[in-house]
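Here are the chains, one letter per residue:
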Amino acid sequence: MLATSPIKPGLEGVIASETRLSHVDGQKGELIIAGFLLEDLAPYAEFEEVVHLLWHDALPKRTQLAELRAALRPRRALPAATLGLLRQAAEQKVAPIDALRMAADTLSIHSDGTHEGDALLLLAAFPGIVAAYWRLLNGHEPIAPHPDLDTAANYLYMMTGSAPTAQQVRGLSTYLNTVSDHGFNASTFTARVIISTQSDMISAVVGAVGALKGPAHGGAPGPALDTVFEIGSPENAERVLWDKLNRGERLMGFGHRVYKVRDPRADVLKAEAERMMLGSEKEDLYRLAQHVEQVALRVLEEHKPGRHLQTNVEYFTALVLHGLDIPIPLFTPTFAIGRLAGWTAHGFEQIGLNRIIRPASAYSGAHGRQWQALETR
Ligand code: COA
């Protein structure tokens, strides 16, 4: 094997570029989004404000926010080609995340050929695609977007047909903001690689959705909630969790490659889940989940002493999205709606750098082979 510099499998620790968009500090347990600590931004901002912040490196003024809203509104209705594809996908019961990836591709038909236009088109259409697909999958007709509602509220509206409460909109906005960006994660890096070839924003986002789909990236919150349901009652927690660990399984929603002291996203979403679920008919589930978390942390400390395995974003994602009545199969597509803010912002940033991402590889194959005609092999 020949290599001029050490091989870093998975590019771990390799700094591929500067970014002004977000900073993940695993030792401090901090996430900075364009200068703001996550906890000082996510619970307060509207999703469109975070999009503007990431795209333009400043919170929008009133007129700028109005402009962004006005640009999104006419792009929300799904094109006929997109709806047609979703209908066919629903007939085949395609997974929602695959339907989202395929539907995102169809938006190219309506591209105005600019990166800005494509980013707006994607941002406007994603919630409608996910909501329409879920309805079609369940035998219902899609609901047209509401002209007066923004991204978070419209997503919930298009799912059910009734206007969400202010508390629900706040809950979803906090979630979307919390997952809006997270350094050079796999899907974001995928988007940057694609756009670095001077490809287009829609291609970059389609690739990013494909990367997000994998269980090592965006697929964990469903199983985390399943574990809480499986436990069902506080006295079962210890036994069920130990059974899983003794079978060699990992406890979903715990541990993180980068965050070793705390996952700040988990803290923000825990506060949101508490606000939404305490005093509601889901209070019992919240209290059970809280108990399961405490037992899991204790059990993990006994199982892997000194590793400090902590609760991660996925555990409380599951509770917040369940609190909003978003079904488990839509957890990853909903993550995609939030992360789209980051994908597109990274796309703009990468275009500005105008440098193709092209790492080197170390050749480990054979040398000196001689061509042999087919009949003599
Ligand atoms: N349950 C049980 N054991 C766990 C664990 C979990 N959730 N997370 C880590 N461990 C174990 C590992 O197996 C490892 O043990 P080993 O050294 O004996 O092999 C040890 O704890 C240390 O693991 P660490 O290096 O800190 O984790 P990682 O970087 O390899 O993996 C994750 C990070 C996120 C992949 C891992 O924690 C995980 O699989 N968590 C569950 C899935 C999940 O919630 N994913 C969403 C992440 S946002």
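Keep in mind it's a predicted model, so treat the numbers as computed, not measured.

Draft legend 1. Summary view of the pairing of strand β1 (residues 22–25). Across four bridges, the pairing between β1 and strand β2 (residues 30–33) is antiparallel. Considered in β2, the bridge of Asp25 is made with Glu30. Between β1 and β2, which pair antiparallel and follow one another directly, the connecting turn spans four residues, one of which, Gly29, has a positive phi of 70°.

Draft legend 2. Inspection of the domain arrangement of the chain at higher detail. The domains assigned to the chain are domain 1 (22–167 + 180–216 + 330–353) and domain 2 (221–323). Counting residues at the interface gives 17 residues for domain 1 and 17 residues for domain 2. Summed over both sides, the interface between domain 1 and domain 2 buries roughly 1400 Å², with carbon and sulfur atoms accounting for 65% of that surface. Linking domain 1 to domain 2 there are one salt bridge.

Draft legend 3. Spatial organisation of the pairing of β2. Here β2 shows one buried face, formed by Leu31 and Ile33, and one open face, formed by Glu30 and Ile32. Between β2 and strand β3 (residues 36–37), which pair antiparallel and follow one another directly, the connecting turn spans two residues, one of which, Ala34, has a positive phi of 40°.

Draft legend 4. Molecular detail of unusual backbone geometry. Positive phi outside glycine occurs at Ala34, with the angle close to 40°. In this fold, Ala34 is placed in the loop between β2 and β3. Given the relative accessible area of 13%, Ala34 is considered buried. With phi around 55°, Lys93 is a residue other than glycine that occupies positive phi space. Topologically, Lys93 is positioned in the loop between α4 (80–91) and α5 (96–106). Classification of Lys93 as exposed rests on a relative accessible area of 61%.

Draft legend 5. Highlighting a positive patch on the surface. Among the surface-exposed residues, Arg250, Lys260, Lys304 and Arg307 lie close enough to one another that they form a single positively charged patch. Mapped onto the elements of the fold, Arg250 is located in the loop between α12 (237–246) and α13 (264–277).

Draft legend 6. Structural context of empty space enclosed by the protein. The tally for this structure, following the rule as stated, stands at two cavities of 30 Å³ or more. The calculated volume of the largest cavity comes to roughly 60 Å³. What lines the largest cavity is Gly255, His256, Tyr259, Lys260, Arg262, Asp263, Arg307, His308, Leu309, Gln310 and Thr311. Taken together, the residues of the lining of the largest cavity break down into two nonpolar, five polar and four charged. Reported here for the second largest cavity is a volume of approximately 30 Å³. Every residue along the wall of the second largest cavity is listed here: Ala224, Thr227, Val228, Leu241, Leu251, Met252, Phe254, Val292 and Tyr315. When residues in the lining of the second largest cavity are grouped by element, the largest group, three residues, is from helix α11 (residues 221–231). The residue inventory of the lining of the second largest cavity, partitioned by class, reads eight nonpolar, one polar and no charged.

Criteria and cut-off values
- Counting restarts for each chain: residues are numbered from 1 in the order of the written sequence.
- Side-chain atom pairs in this predicted model are given and counted only at pLDDT of 80 or more, local residue features only at pLDDT of at least 70, and totals for whole chains, interfaces and linings cover all residues.
- No hydrogens and no water enter the side-chain calculation; it runs on all heavy atoms of the structure.
- For two strands to be treated as a pair, DSSP must find at least two bridges joining them.
- By the criteria applied, helices consist of DSSP H or I runs no shorter than four residues and strands consist of E runs no shorter than two, each listed in order from the N terminus.
- Each domain span listed reflects an automatic or database assignment of domains.
- Residue contacts are counted whenever heavy atoms from the two residues lie within 4.5 Å of one another.
- Buried area counts how much accessible surface, traced with a 1.4 Å probe, disappears from two parts once they are put together, with both parts' losses summed.
- Salt bridges are defined by distance alone: a side-chain nitrogen of Lys or Arg within 4 Å of a carboxyl oxygen of Asp or Glu.
- Exposure classes here rest on a 1.4 Å probe applied to the protein chains alone. A residue is buried below 20% of its type maximum, exposed above 50%, and partly exposed in between.
- Distance thresholds for patches are 9 Å for like charges and 5 Å for nonpolar side chains (Val, Leu, Ile, Met, Phe, Trp, Tyr), applied to residues having over 30% relative accessible area and no salt bridge.
- Each accessible area is a Shrake-Rupley estimate made with a 1.4 Å probe; only the visible protein chains count as cover when residues are assessed.
- Within this scheme the basic residues Lys and Arg register as positive and the acidic residues Asp and Glu register as negative, but His and the chain ends are omitted.
- Working definition for charges: the position is that of NZ of Lys, CZ of Arg, CG of Asp or CD of Glu.
- Buriedness of a pocket was judged along seven lines, with at least five required to meet protein on both sides within 12 Å; pockets are open sets of points on a 1 Å grid over the protein atoms alone, cavities are sets where a 1.4 Å probe fits but cannot get out, and lining residues have an atom within 4 Å of a point.
- Grid points are joined across faces, edges and corners, and a volume is the space filled by probe spheres set on the points.
- Ten residues, namely Ala, Val, Leu, Ile, Met, Phe, Trp, Tyr, Cys and Pro, are considered nonpolar, four, namely Asp, Glu, Lys and Arg, are considered charged, and the remaining ones, Gly among them, are considered polar.

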